[in-house]
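Summary of structural features
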Amino acid sequence: MTINVDRPCGTFDRNYYQAMEIFRTPLRKFLMIAFIVVMYILGFIADDYILSLLIVFCAFSVGMTGLQIITGYAGQISLGHAAFMGVGMYTVATFQAHLGFNFWMALPLAGLFPMIIGMVFGIPAIRIKGLYLAFASLAAHFVIVYVISNWRSVTNGTDGMYLHRPETLLGIDFMIDKYYYLLVLTITIIMIYFAKNLTRTRLGRAFVAVRDNDIAAEVMGINIAHTKILAFGIGCFYAGIAGALGGGYYEYVNIEWFTLTDSIWYLGFLVVGGLGSIFGAIAGAVVWKSLDELSTLMTPVTEALMGGMAFYASAAFTLIFYSLIVIVVLVLEPRGINHRWQIMKRSYRLHPFPY
Amino acid sequence: MAVDIRNVTKKREQRYSYGLTLLRDCIEKDRVLPRDEDIFKKTILKVEDITINFGGLNALTDVNLELRDGELLAIIGPNGAGKTTLLNVISGFYRPQQGDVYFQDKKITHYSSHRIAEMGICRTFQNIALYTGLSVIDNIIAGRHPHIRYNFLIGMLYFPWARREEARQRAISEDIVDFLEMEHVRNTTVGTLAYGLRKRAELGRALALEPRVLLLDEPMAGMNLDEKEDIARFIIDIHEFLSIPIVMIEHDMGVVMDIADRIAVLDFGLKIGDGTPEEIRKNPKVVSAYLGEE
């Protein structure tokens, strides 16, 4: 008999509502709330440097959750995710620059625009899968980058555009990084909660069904075309929101930020985080952006060792760190950080016994 | 050792309840035909002159088949006879070059697979085709997909009615889990289950779709005696309690002869026999093609 260890010992579900909860035990609920509270408090006590990191973590967690929905849950490889993030940023920037929208009005559009474009580029997924689909989704990246860099009258070409953070709301001035972080954090928590709900309800199960066995899914009454396109749509919605949040922080957007390598690293760090779980997406995003920061911090250290050469070497650090961590994770834990985390939780629950 | 139908009957008698009442209520609610003796005369699924060939291979040639309501029809035949192809045509995988499939007098030949499933033609596969990443209960709830009544936005926001609907679907699914005696593996990922249990979970997923017709592709293949007896018991229970017609492909002649109401025999894409188990046993064509001389 297989013993189920995904639940803590001694916890029983007394009704179906209890069985469907995200956090089943009081301890887990408490820890989650404590974590969120700590994240909010961090906004008040952290300095600008830490805040710049936290905002990027939040924005990329949302973007990574979007890719998790497309690739981790629905099983469709997308190699254009960074470009959709760019569409989100440019949507905010263009609507602000040309139509005078404020940030609040532009934010939903920053989700909806990439969503529509993502659904269009998701259409090939109905017919092709796997590696072929990856190549088809490359088209999304090139088309988007080409349009943005050549439609000069609207997007200002390769010069980039300025965008503005939201105006004050309820007397809170979002021009101060501290408050902007709280806004980003709130939106991130809401988006991740929605993603979690999505994955445990009807469409989320359909996504996994399509990923695991699309032939069976079709015969079990799931409309595959519909499901795949929705997966692309929702995933790109998340990417767009992530772009808007990140772009709002820098108050500037440039097409150079969304290179093909970014799209590929998106996928790479999704694997590092672990496919098929929201936690994995967040872990992947945090590891990715931490490595980014680490490689920047390494430069002064290497300068002491290598002198002037460090300037050239530092450019390579990012790539070296990225590649190293992806290779190490693929070799040691192909199912990502999330799986390792599950194993840790499991051993904690069974503590005195090995299994 | 063959399956002894007496063991199956004994086990069925020991069982105090079916536990499928919720599912039965769902099916009864929109049953077109009244539940009385007459239903056995009504054709529910009809396959007419189906011809399909792959390249030069004639998989099926002019196959006619009728399934009457409340009937357990077994399809037998040697390997490569076209049995699975026939099921694939019914469930909309293959488009026949000629001929039509009718379900409740409606032509469904050119319907897409998921629409056919929504109408209530549910099937299991010869090679298990479960959603390996989901737990048993989630697989069964995933099977209820067409019957869940909220859209993805409501699910994302998780409104109270979405929550209530989820709980309702879960209740029906837990019923199926109980019926199939899989309570102990309810939350286990199906990828890690033993073969027999996976086969059972697949039967559960097909049941979750509220079948009006259940197509079973070798439900007992590769099982030991105990597991075969269990599956035979479940099939009889489903057939009697839900009173839905079942089409079953099976190689275990003992089981087929014991539980089937009617048997159709395929050989090289041709139907060579159709009748009660007694008639099939005496049919010389069937004996020479499949059953063999005593």
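These lines cover the structure that appears in this document, whether it is placed above or below. (Residues numbered from 1 in each chain as written. Chains lettered and ligands numbered in written order. Predicted model: local features only at pLDDT ≥ 70, side-chain atom pairs only at ≥ 80, totals over all residues. Heavy atoms only, no water.)

Focus on the overall build of chain A
Operational definition: Per the convention used, a helix needs a DSSP run of H or I reaching at least four residues, while a strand needs a run of E reaching at least two, with both numbered from the N terminus. We compute the radius of gyration over the C-alpha atoms and compare it with the globule rule, which gives 2.2 Å times the number of residues raised to the power 0.38. Note on exposure labels: buried denotes an accessible area under 20% of the residue type's maximum, exposed denotes more than 50%, and partly exposed covers the range between, all computed with a 1.4 Å probe on protein chains only. By the convention used here, residues are in contact when the closest approach between their heavy atoms is within 4.5 Å. Methods summary: accessible areas were calculated by the Shrake-Rupley approach with a probe of 1.4 Å, and residue burial reflects only the protein chains presented.
For chain A, the count of helices and strands is 15 helices and two strands. Computed over C-alpha atoms, the radius of gyration of chain A comes to 21 Å, within 12% of the 20 Å expected from 2.2 N^0.38 for 355 residues, which places it in the range of a compact globule. The buried share of chain A, taken over its 355 residues, is 50%. Partitioning the contacts of chain A with sequence separation of at least 6, the portion at a separation of at least 24 is 76%. Total accessible area on chain A stands at roughly 16700 Å², and carbon and sulfur atoms take up 71% of it.

So, the interface of chain B and chain A
Defined as follows: Accessible area, probed at 1.4 Å, shrinks when two parts are joined; the buried area is that loss added up over both. Definition used for salt bridges: Asp or Glu carboxyl oxygen within 4 Å of a side-chain nitrogen of Lys or Arg. Gly is placed with the polar residues, together with every amino acid not listed as nonpolar (Ala, Val, Leu, Ile, Met, Phe, Trp, Tyr, Cys and Pro) or charged (Asp, Glu, Lys and Arg).
Counting residues at the interface gives 41 residues for chain B and 36 residues for chain A. Carbon and sulfur atoms make up 66% of the surface buried where chain B meets chain A, a total of about 3700 Å² over both sides. The largest contributions to the chain B side of the interface with chain A come from Tyr131(B), His145(B) and Met156(B), which together make up 20% of the buried area. In this structure, Arg205(A) engages Glu166(B) in a salt bridge whose closest nitrogen and oxygen atoms are separated by 2.9 Å. Looking at the side of chain B that touches chain A element by element, the count peaks at seven residues for helix H7 (residues 160-179) of chain B. Split by residue class, the side of chain B that touches chain A holds 21 nonpolar, 11 polar and nine charged.

Observations concerning the packing of aromatic side chains
To describe a pair of aromatic rings, you give the distance between the ring centres and the angle between the ring planes. This is how the line gets drawn: Only Phe, Tyr and Trp rings are paired, with Trp represented by its six-membered ring, and only when their centres lie within 6.5 Å; those with planes under 30 degrees apart are stacked, over 60 edge-to-face, the remainder tilted. Lysine and arginine charges are scored as sitting over a ring when NZ or CZ, respectively, is within 6 Å of the ring centre and within 35 degrees of the ring normal.
A full pass over the atoms with the stated rule returns 21 aromatic pairs over all chains. Note on Phe95(A) and Phe101(A): the rings are 5.1 Å apart at their centroids and 55° apart in plane angle, and the pair reads as tilted. For Phe101(A), a relative accessible area of 24% gives the class partly exposed. Aromatic side chains Tyr250(A) and Trp257(A) sit 5.5 Å apart centroid to centroid with 65° between the ring planes, which places their arrangement in the edge-to-face category. Feature note: the residues Phe60(A), Trp265(A), Tyr266(A), Phe269(A), Trp288(A) and Tyr322(A) constitute an aromatic cluster, connected by ring pairs. A cation sits over an aromatic face here: Lys46(B) above Tyr102(B), 5.6 Å from the ring centre.

Some words on the pattern of salt bridges
All names here are of chain B. This model, assessed by the stated rule, comprises 24 salt bridges over all chains. Glu181 serves as the salt-bridge partner of Arg233, at 3.3 Å between the closest nitrogen and oxygen. Here Arg233, found in helix H9 (residues 225-241), pairs with Glu181, found in the loop between H7 and helix H8 (195-208); they are 52 residues apart in sequence, far enough to count as distant. Taking relative accessible area as the criterion, Arg233 reaches 3% and is therefore assigned buried. Because the salt bridges share partners, they merge into one network encompassing Lys11, Glu181, Arg200, Asp230 and Arg233.

What to know about a nonpolar patch on the surface
In plain terms, the rule: By definition, no residue in a patch forms a salt bridge, and every one has over 30% relative accessible area; like charges are joined within 9 Å, nonpolar side chains (Val, Leu, Ile, Met, Phe, Trp, Tyr) within 5 Å.
A contiguous nonpolar surface patch, about 510 Å² in accessible area, is contributed by Ile33(A), Val37(A), Ile41(A), Phe44(A) and Ile45(A). Within the secondary structure, Phe44(A) sits in helix H2 (residues 26-45).

Here's the deal with the sheet that holds strand S9 (residues 262-267) of chain B
Residues and elements named next belong to chain B. In plain terms, the rule: Note: two strands are recorded as paired if DSSP finds a minimum of 2 bridges between them. Axis angles are defined between N-to-C directions and span 0 to 180 degrees, where every axis is a line fitted to C-alpha atoms and, for a helix, only to the segment in contact.
The sheet built from six strands is open, its strands ordered S6-S7-S8-S3-S9-S10 with mixed pairing. One side of each edge strand has no neighbouring strand; the edge strands of this open sheet are strand S6 (121-123) and strand S10 (270-275). For this sheet, the mean angle separating the axes of adjacent strands, direction not counted, is 20°. Sheet strands touched by H8: S6 and strand S7 (213-217). Its angle to S7, the strand with the most contacts, is close to 160°. Where helix H12 (residues 284-291) meets the sheet, it contacts strand S3 (72-76), S9 and S10, and its direction lies at approximately 120° from that of S10.

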